[in-house]
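Working through the structure, step by step
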Amino acid sequence: MRYKQRLRVERLARHEEQAVIKRVITLFIVTIALGIFMLTLGIPLLGKFADLLDVVFKNDDQENQAVPLPPTLDELPVATNSSKLKVSGFAGEGEKVDIYVNDNKKASTNIADSRFEYENLTLVLGENKISVVAISNGREGDFSQTRTVTYDHEEPKLEIKTPTDGQAFYGDNRVRVEGTTDRDAQVFANGFLASIDFEGKFEVFVPVGEGESQIEIKAVDLAGNTKTETRKVTFRK
């Protein structure tokens with residue numbers, strides 16, 4: 001009885017041993033097959049996969065390299081009597097800025113420490129719509145806000161209604177000065193600022209001393225152009 005049991009145990013042990021050997025052999029064969037696969041096909045496939053990832057990441061990098069932000073122009077005059085204008089401002093990104101006047105590229109200047117500056121931008125008579133755009137790695141960003149500068153070198157209109165040259169005044173030493181000028185101009189009479197209505201009519205009262213006095217009347221437009229007239233008046237108490 002015991003002998004039979006021992007034989008049975010031995011057979012089971014041999015069966016388990018054979019099963020283990022089969023699994024080891026199978027695992028060995030699979031390992032060899034995988035190794036051959038990796039050597040023949042797997043490594044080239046991994047290389048291609050790596051190349052694909054490289055392309056994807058490069059594309060992502062290019063997409064992440066956003067176009068430069070719009071530069072910010074410093075304040076510019078509304079009008080000027082000079083044909084040359086200094087343009088400057090802030091540009092946080094890019095290597096240079098291109099400067100446009102009336103949608104035409106007129107100049108370029110480098111960006112240094114997030115600032116740009118161009119000394120002598122040539123203007124055309126009349127309106128000049130100025131904008132700038134930053135350039136980074138050959139890519140053009142968005143344009144800045146457009147600023148309009150009027151180039152005007154003509155003197156403003158100045159017509160004096162009163163006083164007439166040589167006019168005499170009595171009693172009140174405040175001489176009324178009136179006339180017409182351009183609507184956007186300012187008028188000064190001996191340094192006193194005149195009030196101007198929407199039609200360009202101006203008026204100001206100028207105190208004078210007894211005897212003969214000279215009143216200087218000067219008109220100044222937005223561009224800085226001036227025109228001056230003088231009137232001699234006499235005051236008696």
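All of the points below concern the structure found in this document. (Residues numbered from 1 in each chain as written. Predicted model: local features only at pLDDT ≥ 70, side-chain atom pairs only at ≥ 80, totals over all residues. Heavy atoms only, no water.)

1. Focus on the sheet that holds strand 16 (residues 201-207)
Selection rule: For two strands to be treated as a pair, DSSP must find no fewer than two bridges joining them. The helix and strand labels rest on DSSP assignments: H or I over at least four residues marks a helix, E over at least two residues marks a strand, and numbering proceeds from the N terminus.
Strand order in the open sheet formed by four strands is 10-12-16-15, with antiparallel pairing between adjacent strands. Edge strands, defined here as strands with exactly one partner in the open sheet, are strand 10 (158-162) and strand 15 (195-196). Strand direction decides the pairing type here: strand 10 and strand 12 (residues 174-181), joined by four bridges, are antiparallel. Pairing of glutamate 159 across the sheet is with threonine 180, part of strand 12.

2. Here's the deal with the environment of valine 204
For clarity, the threshold we go by: Here a residue-residue contact requires only that any non-hydrogen atoms of the pair lie within 4.5 Å.
Checked against the element boundaries, valine 204 lands in strand 16. As a C-alpha pair, valine 204 and arginine 174 span 30 residues in sequence and 9.5 Å in three-dimensional space. Sequence-distant contacts of valine 204, that is, excluding residues within four places in its chain, are made with Val175, Arg176, Val177, Ala189, Phe192, Leu193 and Ala194.

3. Focus on unusual backbone geometry
So the rule is basically this: Here's how the labels work: a residue is buried when its accessible area is under 20% of the maximum for its type, exposed when over 50%, partly exposed in between, all with a 1.4 Å probe on protein chains only.
Note that the residue after threonine 162, namely proline 163, is joined by a cis bond; omega there is 0°. Unusually for a residue other than glycine, aspartate 103 sits at a positive phi of about 70°. Position of aspartate 103 among the secondary structure elements: in the loop between strand 4 (96-101) and strand 5 (104-110). Judged by its relative accessible area of 71%, aspartate 103 falls in the exposed class. The backbone phi angle of serine 114 is positive, close to 65°, even though this residue is not glycine. Secondary-structure assignment places serine 114 in the loop between strand 5 and strand 6 (115-122).

4. Some words on the environment of lysine 86
Within the fold, lysine 86 resides in strand 3 (residues 84-90). A relative accessible area of 44% means that lysine 86 is categorised as partly exposed. Not counting residues within four places of it along the chain, the set of residues in contact with lysine 86 comprises Leu76, Glu117, Tyr118 and Glu119.

5. Quick notes on the pattern of salt bridges
So the rule is basically this: Think of a salt bridge as a Lys or Arg side-chain nitrogen and an Asp or Glu carboxyl oxygen that are within 4 Å of each other.
Evaluated as defined, the whole model comprises eight salt bridges. Taking the shortest distance from any N to any O, the salt bridge between glutamate 75 and arginine 147 comes out at 3.8 Å. Pair noted here: glutamate 75 is in the loop between strand 1 (72-73) and strand 2 (79-80) and arginine 147 is in strand 9 (residues 147-151), with a separation of 72 residues, a long-range link. Glutamate 75 gets classed as exposed once you look at its relative accessible area, which sits at 66%. Put simply, lysine 201 and glutamate 199 hold a salt bridge, and the shortest N to O gap is 3.6 Å. Connected through salt bridges with shared partners, the residues Arg176, Glu178 and Glu203 form a single ionic network.

6. Here we look at the pairing of strand 5
Pairing analysis gives six bridges linking strand 4 to strand 5, with the strands arranged antiparallel. Across the sheet, lysine 96 pairs through a bridge with asparagine 110, a residue of strand 5. Where strand 4 hands over to strand 5, the hairpin turn is made up of two residues, of which asparagine 102 adopts a positive phi near 55°.

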